[in-house]
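Single-letter residue listing:
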Amino acid sequence: MLKQFLSKLPRKSGKSDSPELARSNSCTKAGSTPQPHRSNSFNSGSGRPCAPKRTSSAVFPASVVAGIEPLLPFKDVPSSERMNLFVSKVSLCCVTFDFTDPAKNLIEKDVKRQTLLELLDFVSGSVRFSEPAILAMCRMCAVNLFRVFPPNYRSTSSNGGENDDDEPMFDPAWPHLQIVYDVLLKFITSSCLDAKVAKKYIDHSFILRLLDLFDSEDPRERDCLKTILHRVYGKFMVHRPFIRKAISNIFYRFVFETEKHNGIAELLEIFGSIISGFALPLKEEHKIFLWRVLIPLHKPKSLGVYFQQLSFCVSQFIEKEPKLCSTVVGGLLKYWPITNSQKELMFLGELEEILEAINMVEFQKVTVPLFWRIGYCINSFHFQVAERALFFWNNDQIVNLITHNRHVILPIILPALEKNAQNHWNHAVLNLTINVRKMFMEMDDQLFMFCHTHFKEEEAKLSVLAEKRKEAWERLENAASRQPITGNTAVLVTPLATSIAY
């Protein structure tokens with residue numbers, strides 16, 4: 001009788017959740033079945049669902065769900081209880097499913113989807129979020145979004161720009177993840193969110209795990225992450241230095257260790273808007289970021305994937321402080337792609353944009369090494385590289401710089417122009433070369449004739465040296481062919497001694 005009586009007593013509700021996000025997944029043991037949610041239980045202290053424990057190796061964490069039931073709509077409860085109902089609905093969405101199997105848990109997935117849509121409408125409103133609500137929201141986003149990408153998932157993009165025609169891998173859970181991202185974005189941008197309270201839960205650990213998701217193969221997810229991280233940077237000023245440092249570490253790892261990451265373009269796009277907001281004069285840490293991060297990002301093979309965003313970031317620095325032009329040009333020359341013609345074309349394009357903004361003093365600092373490199377490009381057997389280098393003389397701003405420094409530039413460039421005029425195989429390059437020669441003659445005829453005469457003299461000297469070198473080798477070959485062969489003595493083989501047997 002006593003046992004029957006005690007069994008009818010209501011059970012004591014569980015303790016309130018800990019504010020630590022790290023304990024958010026310990027509510028239900030792996031393999032256990034969560035209790036179904038009652039339609040009349042919207043109190044945050046009781047009836048709160050718990051997410052099953054997720055293992056770090058799971059790509060799409062799944063739980064064994066017997067069934068979940070939708071909670072009451074927000075319109076059916078008093079205003080004083082809506083925040084408690086919000087917490088309960090958020091907790092219900094902590095239950096995760098396996099989206100790799102479309103036929104599995106269809107009813108439960110639809111219930112969760114409808115609940116997420118309700119949450120999206122709610123966070124778009126004007127209700128001020130309590131601290132338990134902020135905690136529950138951060139926990140729900142962590143459970144649904146933060147996951148580990150397996151090695152074979154990353155390997156499809158390991159070659160970066162080399163396989164640009166490959167189809168990107170789309171996440172089968174994206175229709176579900178997209179709503180979670182939308183809820184998080186609306187939550188962060190809400191004017192009812194107190195940043196001073198939220199920063200305790202959207203902390204450094206949360207931001208780091210958010211940055212880890214930028215390595216997703218799905219471009220739709222990276223695009224959502226780009227918007228969210230930008231909003232986080234704008235709302236939480238206290239986290240700004242940490243976000244810049246964390247992104248810099250991703251760039252360091254990409255350039256100097258792995259050269260494998262899917263989200264470099266998106267991260268650079270975020271940094272482009274960050275740089276545009278830098279105050280003047282630029283801090284030393286920002287200049288260090290330019291030299292140690294942005295310039296070395298020109299080195300990887302996959303530059304073409306993120307070149308547009310990288311070039312924009314560099315141009316923002318130059319626009320902020322034109323004195324950095326010579327630093328950037330020196331960095332480009334340091335990482336110049338000698339054996340990659342496609343990257344050379346990109347470098348030449350970026351170089352032209354920089355020269356359009358450079359002043360005379362900064363230009364004179366890099367004139368000699370810059371035009372030695374342009375001269376090599378003019379002599380390139382890849383006609384597009386040679387053509388792109390010669391197009392510099394179609395830019396009035398660059399021609400003006402060259403005119404004022406022709407005494408330094410013409411002696412460097414004229415040998416490259418003469419070699420092209422004599423034997424370049426491409427007619428378009430040949431015509432452009434002749435036009436550039438004419439421009440130099442019109443700039444300063446006397447200087448041109450002096451440099452041309454000097455070039456002819458140097459060419460004659462080189463021809464004499466080459467002839468002497470050829471004669472010396474012929475004498476050595478003749479002398480070696482007359483020597484008797486003894487033992488394992490090395491023999492210089494010449495056309496006159498091809499019949500000698502070893």
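Residues numbered from 1 in each chain as written. Predicted model: local features only at pLDDT ≥ 70, side-chain atom pairs only at ≥ 80, totals over all residues. Heavy atoms only, no water.

Before going further, it helps to spend a moment on the overall build of the chain. A count of helices and strands for the chain gives 21 helices and 0 strands. Here the chain, with 502 residues, has 45% of them falling under the buried criterion. Relative to all contacts within the chain whose residues are 6 or more apart in sequence, the contacts with residues 24 or more apart total 76%. Summed over its atoms, the accessible surface of the chain is roughly 26900 Å², and 54% of this surface lies on carbon and sulfur atoms. (Helix = DSSP H or I, 4+ residues; strand = E, 2+ residues; numbered from the N terminus. Buried < 20%, exposed > 50% of the residue type's maximum accessible area, 1.4 Å probe, protein only. Contact = heavy atoms within 4.5 Å. Areas by Shrake-Rupley, 256 points an atom, 1.4 Å probe, with all protein chains shown as cover.)

With respect to the element layout, Ile188 can be found in helix 6 (residues 174–189). The spacing of Ile188 and Leu229 is 41 residues in sequence and 9.8 Å in space, taken between C-alpha atoms. In contact with Ile188, not counting residues within four places along its chain, are Leu193, Ile202, Ile228, Arg231, Val232, Lys235 and Phe236.

Here His424 shows up in the loop between helix 19 (406–423) and helix 20 (427–443). Exposure remark for His424: the relative accessible area of 10% places this residue in the buried category.

To describe a pair of aromatic rings, you give the distance between the ring centres and the angle between the ring planes. Under the defined criterion, the tally for this structure stands at 15 aromatic pairs. Judged by centre distance (6.4 Å) and plane angle (70 degrees), the rings of Phe371 and Trp393 are edge-to-face. Taken together, the residues Phe371 in helix 16 (residues 360–378) and Trp393 in the loop between helix 17 (383–390) and helix 18 (396–404) connect sequence positions 22 residues apart. A relative accessible area of 3% means that Trp393 is categorised as buried. Within the aromatic cluster, the residues linked to one another by ring pairs are Phe86, Phe122, Phe129 and Phe187. (Phe/Tyr/Trp six-rings, centres within 6.5 Å; stacked < 30°, edge-to-face > 60°.)

Before going further, it helps to examine the confidence of the model for the chain. Taken as a whole, the chain shows an average pLDDT of 82; of its residues, 79% reach a score of 70 or greater. For residues 153–165, every residue scores under 50 in pLDDT, and the model assigns this stretch 18 contacts once sequence neighbours within four places are set aside. Confidence drops under a pLDDT of 50 for residues 497–502, and excluding neighbours within four residues, the segment shows 5 contacts in the predicted structure. (pLDDT = per-residue confidence, 0-100.)

Right, let's get into the pattern of salt bridges. Overall, the coordinates contain 15 salt bridges when judged by the stated rule. The partner of Asp223 in a salt bridge is Lys226, and the shortest N-O contact between them spans 3.0 Å. Placement of both Asp223 and Lys226 in helix 9 (residues 219–235) is noted, with a separation of 3 residues, approximately one turn of the helix. Its relative accessible area of 40% is what places Asp223 among the partly exposed residues. Since its relative accessible area comes to 16%, Lys226 is described here as buried. A salt bridge links Arg388 to Glu352, with the shortest nitrogen-to-oxygen separation between them at 2.5 Å. (Salt bridge = Lys/Arg side-chain N within 4 Å of Asp/Glu carboxyl O.)

As a packed pair, helix 9 and helix 11 (residues 264–276) sit with axes 10 Å apart at the nearest point and diverge in direction by 30 degrees. Taken together, the axes of helix 9 and helix 11 are roughly parallel relative to one another. Considering only the axes of helix 9 and helix 11, their crossing is right-handed. Residues Arg222, Lys226, Leu229, His230 and Tyr233 of helix 9 form the contact with helix 11, whose participating residues are Glu266, Leu267, Glu269, Ile270, Ser273 and Ile274. Per-class residue counts for the contact of helix 9 with helix 11 are 5 nonpolar, 2 polar and 4 charged. (Axes fitted to C-alpha atoms, helices over the stretch in contact; angles between N-to-C directions. Parallel < 35°, antiparallel > 145°, perpendicular 65-115°, else oblique. Left-handed = near helix turned anticlockwise from the far one by under 90°. Nonpolar A, V, L, I, M, F, W, Y, C, P; charged D, E, K, R; others polar.)

Between its first and last C-alpha atoms helix 3 (residues 106–123) spans 26 Å; for 18 residues at 1.5 Å apiece the expected length is 26 Å, and the two agree. Buried residues along helix 3 sit against helix 2 (82–92), helix 4 (131–145) and helix 6. (Expected span 1.5 Å × (residues − 1).)

Moving on, we get to unusual backbone geometry. With omega at -5 degrees, the peptide bond leading from Leu280 into Pro281 counts as cis. With respect to the helices and strands, Pro281 occurs in the loop between helix 11 and helix 12 (284–294). Positive phi outside glycine occurs at Glu259, with the angle close to 55 degrees. In this structure, Glu259 sits in the loop between helix 10 (240–258) and helix 11. For Glu259, a relative accessible area of 29% puts it in the partly exposed group.

The next thing to look at is helix 17. Given 3.6 residues per turn, any residue in an α-helix points the same way as the ones three and four places further on. Restricting attention to buried positions, one finds in helix 17 the residues Val385, Ala386, Ala389 and Leu390. Buried residues of helix 17 fall within an arc of 130 degrees about the axis and therefore sit on the same side. Where helix 17 is buried, its residues meet helix 15 (341–357), helix 16, helix 19 and helix 20. (Arc of directions from axis to C-beta.)

This structure, assessed with the given rule, holds 0 disulfides. Among the cysteines around Cys94, which has no disulfide bond, Cys93 carries the closest sulfur, lying 7.5 Å off. Classification of Cys94 as buried rests on a relative accessible area of 5%. (Disulfide = S-S within 2.5 Å.)

With that settled, the discussion passes to the environment of Thr100. Looking at the element boundaries, Thr100 is found in the loop between helix 2 and helix 3. The spatial distance from the C-alpha of Thr100 to the C-alpha of Pro172 is 6.1 Å, given a sequence separation of 72 residues.

Okay, a nonpolar patch on the surface next. On the surface, Val368, Trp372, Tyr376 and Val408 cluster together to form a nonpolar patch covering roughly 410 Å² of accessible area. By residue number, the principal contributor to the nonpolar patch is helix 16, which donates 3 residues. (Patch = residues over 30% accessible without salt bridge, like charges linked within 9 Å, V, L, I, M, F, W, Y side chains within 5 Å.)

To continue, consider the nonpolar core. By size, the foremost hydrophobic cluster in this structure holds 137 residues, and its most contacted members are Phe86 and Leu294. Here the element with the most residues in this core is helix 4; it accounts for 10 residues. In this structure, Phe86 is in contact with Phe74, Leu119, Phe122, Val123, Phe129, Ala133 and Met137, ignoring residues within four places of it in sequence. (Core = buried A, V, L, I, M, F, W, Y, C linked by side-chain atoms within 4.5 Å.)

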